[in-house]
Amino acid sequence: MISRHVSYLVAIAAVCSACSLDTSALLPVPSDSGVRGTGDCSTRAEECNGEDDDCDELVDEDFDLETDPDHCGACGVSCSTAASPNGAHGCLAGACTLLCDEGFADCDAMTDNGCETSLGDAGSCGNCTQECWPEAPVCELTAMSYSCVSSCSGSNVLCDSSCVDTSTSVSHCGACGAECPMGVTATRNCAASTCGYLCTSPFFDDCDGAATAGCEQSLRTVDHCGTCDRPCTIAHGTGDCGTGTCRLASCDTGRGNCDADAANGCETNLTYDSANCGFCGNACVGSSCVSGVCEEACNGLDDDGDGAIDEGTDLCPCPVEQYAGHAYMFCTGALIWENARGVCTASGYHLLRPETSAENDELAMRADGHSTAFWWIGVQDRMSEGDYRWDDETSITTTFWDSGDGQPDNAGDAEDCVNIGGRHDERWNDLPCSSAQSFICEAP
């Protein structure tokens, strides 16, 4: 027994070799490209339900209603997969149809008894009504055409009232009376005197190798996805093979498909990924992700979603405000410049580095709302007089000195650190680094 899986169109062509059937409209539609986006759509596979399940602006794109035996003509309309005498049921042009084995026909139009009529018999030679006569009492198939003859020609053998080629006849495969067995979701064929099957659906195949089973296995299961014995396995998730292609159906608890690539499964651990904390795209700003929840950080935001900002007695040493997507601490406690820088660093910040006039003026104005004192910022020339740099020694391109007051003046040859506020308002002024001042910290 030889079992072969062929395309649905080949099976139809074998059964209906004499029909004028335009098969161009039966070509399979392109498969959906995969999981798209994040959030609700990141783990959805397209289903046949009239909806855009995977959010790609296409509806039911993975299903061909013209040929799909599980969705024939409309979603959810299934054609029978049971074995039928001398034929099989399939979906043709969007309608469930009885497909006859080669050499058989459904002459009584009753699907319960399948394709009951042999077109090789003398009483139905080539069609349902043609009877052979006494001078030509047997029916013979030659060159794909049936005719009534007086005796068999060539290598054909007389079996009952039929002249047959036992190398190709499903009723007499290899010898008279050696009928090929019926199988599910398949029509029979005989090639080189050996019985075989033609699967009537691209979604079924003969996976068990049994000589009498036909195409018994659906290829839309997680154990046989698209072909026999190919499992649909998703890393850290559950697969779906409802379309004959392995798709991501759902992620395990605490996992996410945040890169929208089903090939690597649910690659992201949502329990500790600070860029995807609890769900894809939920980034923790300056804080850690613990058990899928952003820990509260000193940043002027409600990180843990409890309605409170920067709660905790020791979390923020100073009040925090947000400006232009950055967090700033306004520390009114007076410290020398170096110690102020240390407090900022210990909190995950650095001393203020105003890079634009808008940022400089806004932060100076907010500082004045906390205290009218001087406020240390992250500008200094401790290494080389006049070579002003940020607190990490990187270069400064723009300065905002109080030039009207002659700043910087390095009074007493001892002023190497910079502040804003006080009588200088939004402008910069240099002071001795050893003087104690309030200070502004900026989140990186």
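My aim in this report is to walk through the structure given alongside it, one point at a time. What you are looking at is a predicted structure, and each value in this text was computed from that prediction instead of being measured.

Focus on the pairing of strand S5 (residues 138-142)
Link 1 in the chain: Bridge analysis of S5 against strand S6 (residues 145-149) gives 5 bridges, and the strand direction is antiparallel. Directly across from Glu 140, in S6, lies its bridge partner Ser 147.
Link 2 in the chain: Linking S5 back to S6 in an antiparallel pair, the connection comprises 2 residues, with Ala 143 at a positive phi of about 50°.
Link 3 in the chain: Here S5 pairs with strand S8 (residues 162-164) via 2 bridges, running parallel. Residue pairing across strands places Cys 139 opposite Ser 162, the latter belonging to S8.

Some points on helix H3 (residues 357-370)
Link 1 in the chain: Helix length check: H3, at 14 residues, gives a terminal C-alpha distance of 20 Å against a target of 20 Å (1.5 Å per residue), a fit within 8%.
Link 2 in the chain: For H3, every residue scored as buried is listed here: Glu 359, Asn 360, Leu 363, Ala 364 and Ala 367. Down the axis, H3 shows its buried residues gathered within 125° of arc, on one side only.
Link 3 in the chain: In the core, the buried residues of H3 are packed alongside strand S19 (320-323), strand S20 (326-335), strand S22 (374-380), strand S24 (417-421) and strand S26 (437-442).

Looking at the pattern of salt bridges
Link 1 in the chain: What the rule picks out here adds up to 15 salt bridges.
Link 2 in the chain: Residues Arg 382 and Glu 338 are paired through a salt bridge, measuring 2.9 Å at the closest nitrogen-oxygen approach. Separated by 44 residues along the polypeptide, Arg 382 in the loop between S22 and strand S23 (389-390) and Glu 338 in helix H2 (residues 337-346) bring together distant segments of the chain.
Link 3 in the chain: Residue classification places Arg 382 among the partly exposed residues on the basis of a relative accessible area of 36%.
Link 4 in the chain: Residue Arg 353 is joined to Asp 392 by a salt bridge in which the shortest nitrogen-to-oxygen separation is 3.5 Å. Taken together, the positions of Arg 353 in the loop between strand S21 (350-351) and H3 and Asp 392 in the loop between S23 and S24 put the pair 39 residues apart, joining distant regions of the chain.

Details of unusual backbone geometry
Link 1 in the chain: Put simply, Gln 407 and Pro 408 share a cis peptide bond, and its omega is 0°.
Link 2 in the chain: By secondary structure assignment, the location of Pro 408 is in the loop between S23 and S24.
Link 3 in the chain: Phi at Ala 93 takes a positive value of approximately 55°, unusual for a residue other than glycine.
Link 4 in the chain: Note on placement: Ala 93 falls in the loop between strand S1 (87-92) and strand S2 (95-100).
Link 5 in the chain: The class of Ala 93 is partly exposed, set by a relative accessible area of 48%.
Link 6 in the chain: Backbone geometry at Asn 410 places phi at a positive 45°, although glycine is not the residue there.

Describing the environment of Thr 67
Link 1 in the chain: With respect to the element layout, Thr 67 can be found in the loop between helix H1 (8-15) and S1.
Link 2 in the chain: Of the residues examined, Thr 67 reaches a relative accessible area of 7% and is grouped as buried.
Link 3 in the chain: Sequence spacing of Thr 67 and Pro 202 is 135 residues, and the spatial spacing of their C-alpha atoms is 8.7 Å.
Link 4 in the chain: Within the structure, Thr 67 has its side chain in polar contact with the side chain of Asp 64 (distance 3.1 Å).

Calculation notes
- As a convention, each chain's residues are numbered from 1 in the sequence order in which they are written.
- In keeping with the predicted nature of the model, local features appear solely for residues at pLDDT of at least 70, side-chain atom pairs appear and are counted solely at 80 or more, and the whole-chain, interface and lining totals rest on all residues.
- The side-chain numbers reported here are obtained from all heavy atoms of the structure, hydrogens and water having been left aside.
- Two strands form a pair only when DSSP identifies at least two bridges running between them.
- Under the DSSP-based scheme used, a helix requires at least four consecutive residues in state H or I and a strand at least two consecutive residues in state E, with every element numbered from the N terminus.
- Helices are assigned an expected span. That span is 1.5 Å times one less than the residue count.
- Burial status follows relative accessibility: with a 1.4 Å probe on protein chains alone, a residue under 20% of its type maximum counts as buried, one over 50% as exposed, and anything between as partly exposed.
- Taken from the helix axis, the directions to the C-beta atoms give the arc we talk about.
- Residue contacts are defined here by distance: any two heavy atoms, one from each residue, within 4.5 Å place the two residues in contact.
- Each reported salt bridge corresponds to a side-chain nitrogen of Lys or Arg within 4 Å of a carboxyl oxygen of Asp or Glu.
- Under the rule applied, a polar contact is a pair of N or O atoms within 3.5 Å (in protein, one hydrogen donor and one hydrogen acceptor; residues adjacent in sequence only if both atoms are side-chain atoms).

Everything listed here is a matter of geometry and, on its own, says nothing about what the molecule does.
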